[in-house]
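Residue-level structural notes
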Amino acid sequence: MTTARLIIGVLAFVCVPVCGIASSLVSFEMVEKVNEQLPKDQQFALLWWYWPKTQRLWREYKMLYPDGSLLRRLRILGALMFVCLFTCVWAFGFFAR
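These numbers were taken from a predicted model, which means no experiment stands behind them.

**As for the packing of helix 1 (residues 3–37) against helix 2 (residues 51–64)**
- It is the contact of helix 1 with helix 2, at a shortest axis distance of 10 Å, that shows an interaxial angle of 65°. At the point where helix 1 passes helix 2, the crossing takes the left-handed sense. Every residue of helix 2 that contacts helix 1 at M30, V31, V34 and Q37 is listed here: L57, W58, E60, Y61 and L64.

Structure (structure tokens):
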């Protein structure tokens, strides 16, 4: 393994949790914004997330903030996280023969 690949792998490895934490912060911001607009009985709790609840948050956010950028930012961070993960795996030779 070359030094360049090792550096790329380490940088990509560090970027994965950074993107994960950043996407969590964006999600919390989205919940906060949506909860400001919803009645008390329909607001989102910050704990116990599952797929239908996440989809409902995204729908509510798109409805309340049609020009909002948080959902786009969340998707970009998710994609970047997976790109960094695959870059890390490639750099450490996981796909090598």
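**A look at helix 1**
- Between its first and last C-alpha atoms helix 1 spans 52 Å; for 35 residues at 1.5 Å apiece the expected length is 51 Å, and the two agree.
- G9, A12, V16, C19, G20, S23, V26, M30, V31, V34 and N35 are the residues of helix 1 that are buried.
- Those residues of helix 1 hidden inside the fold are in contact with helix 2 and helix 3 (70–91).

Conventions and cut-offs
Residues numbered from 1 in each chain as written. Predicted model: local features only at pLDDT ≥ 70, side-chain atom pairs only at ≥ 80, totals over all residues. Heavy atoms only, no water. Axes fitted to C-alpha atoms, helices over the stretch in contact; angles between N-to-C directions. Helix = DSSP H or I, 4+ residues; strand = E, 2+ residues; numbered from the N terminus. Left-handed = near helix turned anticlockwise from the far one by under 90°. Contact = heavy atoms within 4.5 Å. Expected span 1.5 Å × (residues − 1). Buried < 20%, exposed > 50% of the residue type's maximum accessible area, 1.4 Å probe, protein only.

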